[in-house]
Amino acid sequence: MSRYRLIPTPAQQAVLRDHCGHARYVWNLAVEQHSHWHPGRKGAPGYLEQCRQLTQARAEHPWLAAGSQTVQQQALRDFAQAMAAFFDPQNPTGRPSWRKAGRNEGFRITGRRGRQWGVRRVSRKVGEVWAPKAGWVRFRWSRAVPEGAKSYRVTMDRAGRWHISFAAIPDPIPAPGNGQVVGIDRGVAVSAALSTGDLLHAPGLTVRERRRLRRLERTLARAKRGSNRRGRVKHRIARLRARETDRRTDWAEKTSTGIARRFDLIRVEDLQIKNMTRSAKGARGDPGRNVRQKAGLNRGILRSGWGRLVRRLEDKAPSRVEKINPAFTSQRCSACGQVDRGSRESQAVFRCTACGFAGHADVNAAINIAAGHAVTARGGDGIARPVNREPHLLLQSA
């Protein structure tokens, strides 16, 4: 999906905000209707019935009729697609949930380009897109708009920035044909370590920006809820967060493109990131331990962009990404195959206790991932005899 920075005028921003509010209102109504359904009760209304109800609501409420019917109907269509994806056993998508003002702001426009909507280029760096009720809205022409796009989505993030995304699936990056295989080990200190020895770090906020973020968070804690001061502080925090997200996204895009162009086969660990970043605070009757340390680890994992990097690799190099069992890949020596916890001297140093091989711990794990080693619980490769068993002395007969 091609994403561009939208530059609406103040009057157009008011119209786009109304579209976002109407789309969110219609979506939440659909969620409420389906939340009352349970087995044995009559089924919730479908898309066509909801469209009829929307027509009646527009006739009764002038503020809803003042908006775009296309935007509101498209919100219902998006909800119907989300429900279909939820009931699809091959799709891991969760149930459609409520959308909150200021957090889920956006709407979608579909139709044939040139009839329901259109795009034109004004200058070398500026283009315009037609939006209902708003007219021609300018956006930054950073690259050519895909010709096969049949819809677009307008969104506003928490920092108040507007973006437009044209729905078009780009062509995958062709394999170089050199037969090279690369393994990627993801970590916190090193975001991605390649089996070739490259150590990649996802950029984030600078030390000065993090210091400023901490000051703003303390100010937000002291601000009164609902006050204008609290709103200004939240906006400043959102701008810093958006800057960090943009840097991480840019890193993931450039890194995934470079890896897809260099290697034929890409192997990564099959990590359950959602489970790994789950809170450790526990319950009131059974509180967790080391909660603050676990929260810091979760933040480090999320800042490293593990999921985004692999997801973009799968998009750009389909059928060329393999997920390997991560068991004991960091404890296995890539030179002799010995599996020993003591070989991992520190976060960055790996020194084999059997053959003496020494190197960077993350690179050693990446080499094991590139080789496709799936280590069993007792060590080894699951085929040969395990090599991480404790030695046993042979009893000599008297």
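Every chain is numbered on its own, with residues counted from 1 as its sequence reads. Per-residue local features of the predicted model are confined to residues with pLDDT of at least 70, and side-chain atom pairs are confined, for both listing and counting, to 80 or more; whole-chain, interface and lining totals are unaffected and use all residues. Working from all heavy atoms in the structure, the side-chain values ignore hydrogens and water.

Focus: the overall build of the protein chain
As a reminder, the rule being used: To qualify as a helix, a DSSP run of H or I must reach at least 4 residues; to qualify as a strand, a run of E must reach at least 2; elements of each kind are numbered from the N terminus. Here's how the labels work: a residue is buried when its accessible area is under 20% of the maximum for its type, exposed when over 50%, partly exposed in between, all with a 1.4 Å probe on protein chains only. Here, residues are in contact when the closest pair of their heavy atoms is within 4.5 Å. For the accessible areas, the method is Shrake-Rupley and the probe is 1.4 Å, while residue cover comes only from the protein chains on display. By the counting scheme adopted, Arg and Lys are positive, Glu and Asp are negative, and His together with the chain ends is not counted. The atom standing in for a charge is NZ when the residue is Lys, CZ when it is Arg, CG when it is Asp and CD when it is Glu.
Within the protein chain one finds 10 helices and 14 strands. Seen through its C-alpha atoms, the protein chain measures out along the principal axes to roughly 100 × 55 × 50 Å. Looking at the protein chain as a whole, 38% of its 398 residues are labelled buried. In the protein chain, the proportion of contacts linking residues at least 24 apart, taken out of those at least 6 apart, comes to 62%. Of the accessible surface of the protein chain, which amounts to about 23900 Å², a share of 51% is contributed by carbon and sulfur atoms. Here the protein chain carries 76 positive and 31 negative side-chain charges, and the mean point of each set is 8 Å from the other.

A few points about the sheet that holds strand β7 (residues 162–166)
Using the following cut-off: The pairing criterion for strands is at least two bridges between them, as found by DSSP. Fitting a line to C-alpha atoms yields each axis, with helices limited to the stretch in contact; the angle taken between N-to-C directions then spans 0 to 180 degrees.
Across the sheet, seven strands lie side by side as β2-β6-β7-β1-β5-β4-β3; this open sheet has antiparallel pairing. Either end of the sheet is taken by a strand with one partner, and the two such strands are β2 (105–110) and β3 (119–121). The mean inter-strand angle of the sheet, taken between neighbouring strand axes irrespective of direction, is 30°. Inspection of the sheet shows strand β1 (residues 2–7) paired to strand β5 (residues 135–140) by two bridges, in the antiparallel sense. If you follow I7 over to β5, its bridge partner there is R138. The strands touched by helix α1 (residues 10–35) within the sheet are β1, β2, β4 (126–131), β5, β6 (151–156) and β7, with β2 carrying the most contacts at an inclination of about 90°.

Here's the deal with the environment of F328
In this structure, F328 sits in the loop between β12 (321–324) and β13 (349–351). Spatially, the C-alpha atoms of F328 and D340 are 8.8 Å apart, while their sequence positions differ by 12 residues.

Considering the packing of aromatic side chains
What counts is decided by this rule: Working definition: rings of Phe, Tyr and Trp (its six-membered ring) pair if their centres are within 6.5 Å, and the pair is stacked with planes under 30 degrees apart, edge-to-face with planes over 60 apart, and tilted otherwise.
Per the counting criterion, the structure on display carries 11 aromatic pairs. Geometrically, the ring pair formed by Y4 and F139 is edge-to-face, given 5.5 Å between the ring centres and 70° between the ring planes. A residue pair is termed long-range when its members are at least 10 positions apart, and Y4 in strand β1 and F139 in strand β5 qualify at 135 residues. Here Y4 falls in the buried class, since its relative accessible area comes to 1%. With centroids separated by 5.1 Å and ring planes inclined at 75°, the aromatic side chains of Y25 and W63 adopt a geometry described as edge-to-face.

Quick word on unusual backbone geometry
For N290, which is not glycine, the phi torsion reads 50° and is therefore positive. Topologically, N290 is positioned in the loop between α7 (273–276) and α8 (291–303). Classification of N290 by relative accessible area gives exposed; the value is 55%. The phi dihedral of F328 falls on the positive side, at around 60°, and the residue is not glycine. A relative accessible area of 26% places F328 in the partly exposed class.

Examining the confidence of the model for the protein chain
To keep it simple, the criterion reads: Across the chain, each position has a pLDDT score giving the predictor's confidence in that residue, from 0 to 100.
Overall, the predicted model of the protein chain reaches an average pLDDT of 87, with 93% of residues at or above 70. This stretch, residues 374–398, has a pLDDT under 50; its non-local contacts, to residues over four places away or in other chains, come to 29 contacts.

A short note on the pattern of salt bridges
Opposite charge on two side chains lets them pair, provided their charged atoms get close. Heads up, the condition is: Each salt bridge in this description consists of a side-chain nitrogen of Lys or Arg and a carboxyl oxygen of Asp or Glu lying within 4 Å of one another.
Tallying each qualifying case throughout the model produces 23 salt bridges. Measuring nitrogen to oxygen at the nearest pair gives 3.3 Å for the salt bridge that ties D78 to R153. With D78 in helix α4 (residues 69–86) and R153 in strand β6, the pair connects residues that are 75 residues apart, well separated along the chain. Overall, the relative accessible area of 11% leaves D78 in the buried class. Residue R153 is classed as partly exposed on the basis of its relative accessible area of 25%. A single salt-bridge network, built from bridges that share partners, covers R210, E217, R241, E244 and R303.

Considerations on the nonpolar core
Which entries qualify depends on this criterion: Side-chain atoms within 4.5 Å are what join buried Ala, Val, Leu, Ile, Met, Phe, Trp, Tyr and Cys residues into a set we call a nonpolar core.
Counting 37 residues, the largest nonpolar core has L6, V129, F139, Y152, I164 and F166 as the members making the most contacts within it. Take this core: its biggest share by element is seven residues, from α1. When sequence neighbours within four positions are dropped, the list of residues in contact with Y152 reads F107, R108, I109, W117, V129, W130, A131, P132, I164, S165 and F166. L194, A202, L309 and V321 belong to the second largest nonpolar core, which has 18 residues in total.

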